[in-house]
Amino acid sequence: MQLHDNAFSPYALKVRMVLYEKGVDFELCEVWTDADRERLRTLNPRVEVPALVDDGVAIADSRVICEYLEERFPEPAVYPRDARERARCRRLELKSDGEIDACAYVLGLVKLFRPALDKERPEIAERAGEIASQHHARLEQELGDREWLCGELSLADLALAPHLRTLAFMGHPPGPEHPALAAWLERLSARPSVRRGIREMAANFARASSEPGFEAAPLHWRDHRIECAVRCGLGSWLDQELASGGAFLSPIA
Ligand SMILES: N[C@@H](CCC(=O)N[C@@H](CS)C(=O)NCC(=O)O)C(=O)O
């Protein structure tokens, strides 16, 4: 089984953490170069990481991959057994991969990828920070007094780990008004699968950010990320970036 990914991607990280939780052996094929991207194109026409190859069959999209892994390696389970909790887990995973990823992406845009934009327009980070607090408040409610979001540790927790760690890294940890969420994030971050994943994400970020041209590299925009960018006042900026090649959309595939 080969996993084509880059730990810098929160989706890739989610799949890695599921594989670590399940103790599945796999070969890592990281995507860094144009040649790697061409190889990825043959596995996933949207040219997005992660893509999994099992016995010569390619499977793309982190949610599809995680469901596949659960069916292929049922124990230990990363989806709740109860159908209602399972539905809740999928909803939280969607929220994580959609809205919360998007907020972290816009903050990453101004804090890491386009720092000049942050200097010119500091209100964008401010707006994204307010959105992050709204997500924290919502998750605090979802968590209530549970140890994990859906009772047992599940994909809902694992999916959120990369995004909430990224938000914290960019100056937006759960605040004192979100004590249950802060304690949950600490518990989650101490789990070996998550610790390992976060370490790999940090190493890949260090490598990517030390490459020449990091701050000018074209950025991938899609679905919720575009919506959040527009909410933060970046609509016409994004249009210009798309026109000038500073931004690109997933291919239609
Ligand atoms: N829905 C997809 C989204 C995957 C995705 O957007 N991956 C990004 C990295 S976070 C990517 O590979 N973008 C293309 C690129 O950066 O060249 C999934 O869950 O796997």
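Only a predicted model underlies this, so the values are computations on that prediction, with no experimental measurement involved.

Quick look at unusual backbone geometry
In this model, Val49 is joined to Pro50 through a cis peptide bond whose omega is 5°. Inspection of the secondary structure puts Pro50 in the loop between α2 (34-43) and β3 (51-54). With an omega of -10°, the peptide bond between Glu75 and Pro76 qualifies as cis. Mapping Pro76 onto the fold places it in the loop between α3 (62-72) and α4 (83-113). Despite not being glycine, Val47 has its phi angle at roughly 50°, a positive value.

Quick word on the site of the ligand
Near the ligand you find Ser9, Tyr11, Val47, Glu48, Val49, Pro50, Asp61, Ser62, Arg63, Asp97 and His220, and these make up its full shell. Tallied by class, the residues present in the shell around the ligand amount to 4 nonpolar, 3 polar and 4 charged.

Topic: the pairing of β3
Relative to β3, strand β1 (residues 2-5) runs antiparallel, the two sharing 3 bridges. What sits directly across from Leu3, in β3, is Leu52. Where β3 and strand β4 (residues 57-60) come together, 4 bridges link them in antiparallel fashion. Note that in β4 the partner of Ala51 across the bridge is Ala60.

Notes on the packing of helix α1 (residues 10-22) against helix α9 (residues 192-209)
Across the interface, α1 lies against α9 with an axial gap of 9 Å and an inter-helix angle of 145°. Between α1 and α9 lies a crossing whose hand is right-handed. In contact with Leu13, Arg16, Met17, Tyr20 and Glu21 of α1, α9 contributes Ser193, Val194, Arg196, Gly197, Glu200 and Met201. Split by residue class, the contact of α1 with α9 holds 5 nonpolar, 2 polar and 4 charged.

A few points about the nonpolar core
Core analysis: the biggest nonpolar cluster contains 59 residues, and Val18, Cys103, Val106, Ala128 and Leu155 have the highest contact counts within it. Among the elements that line this core, the one with the most residues is α4, at 11 residues. Among the domains, domain 1 (2-72) and domain 2 (83-209) are the pair contributing at least three residues each to this core. Excluding its chain neighbours within four sequence positions, the residues that come into contact with Leu155 are Val18, Cys66, Val78, Tyr79, Cys89 and Glu93.

Some thoughts on the domain arrangement of the chain
In terms of domain boundaries, the chain breaks down into domain 1 (2-72) and domain 2 (83-209). Taking only C-alpha atoms into account, the centre of domain 1 sits 21 Å from that of domain 2. Of the residues lining the interface, 14 residues belong to domain 1; the matching set on domain 2 comes to 18 residues. Among the elements that line the side of domain 1 that touches domain 2, the one with the most residues is α1, at 9 residues.

Description of the sheet that holds β4
Here we have 4 strands laid out as an open sheet, ordered β2-β1-β3-β4, and mixed in their pairing. Each having just a single partner strand, β2 (27-30) and β4 make up the two edges of the open sheet. Averaged over all neighbouring strand pairs, the angle between strand axes comes to 20°, with direction disregarded. Across 4 bridges, β1 lies against β2 in parallel orientation. Bridge assignment links His4 to a residue of β2, and that residue is Cys29.

Some remarks on the packing of α4 against helix α10 (residues 223-231)
The axes of two packed helices give the description: the angle between them and the distance between them. In contact at an axis separation of 8 Å, α4 and α10 are set at 55° when each is read in the N-to-C sense. Viewed along their axes, α4 and α10 adopt a mutual orientation that is oblique. Crossing hand, α4 versus α10: right-handed. Residues Gly98, Glu99, Asp101, Ala102, Cys103, Tyr105 and Val106 of α4 lie in contact with α10, whose contacting residues are Asp223, His224, Arg225, Glu227, Cys228 and Ala229. A breakdown of the residues in the contact of α4 with α10 according to their chemical character gives 6 nonpolar, 2 polar and 5 charged.

Conventions adopted
Residues numbered from 1 in each chain as written. Predicted model: local features only at pLDDT ≥ 70, side-chain atom pairs only at ≥ 80, totals over all residues. Helix = DSSP H or I, 4+ residues; strand = E, 2+ residues; numbered from the N terminus. Near = placed C-beta within 6 Å. Nonpolar A, V, L, I, M, F, W, Y, C, P; charged D, E, K, R; others polar. Pairing = 2+ DSSP bridges. Axes fitted to C-alpha atoms, helices over the stretch in contact; angles between N-to-C directions. Left-handed = near helix turned anticlockwise from the far one by under 90°. Contact = placed C-beta atoms within 7 Å. Core = buried A, V, L, I, M, F, W, Y, C linked by C-beta atoms within 7 Å. Buried ≥ 20, exposed ≤ 12 C-beta atoms within 10 Å, placed from the backbone. Domains from an automatic or database assignment. Parallel < 35°, antiparallel > 145°, perpendicular 65-115°, else oblique.

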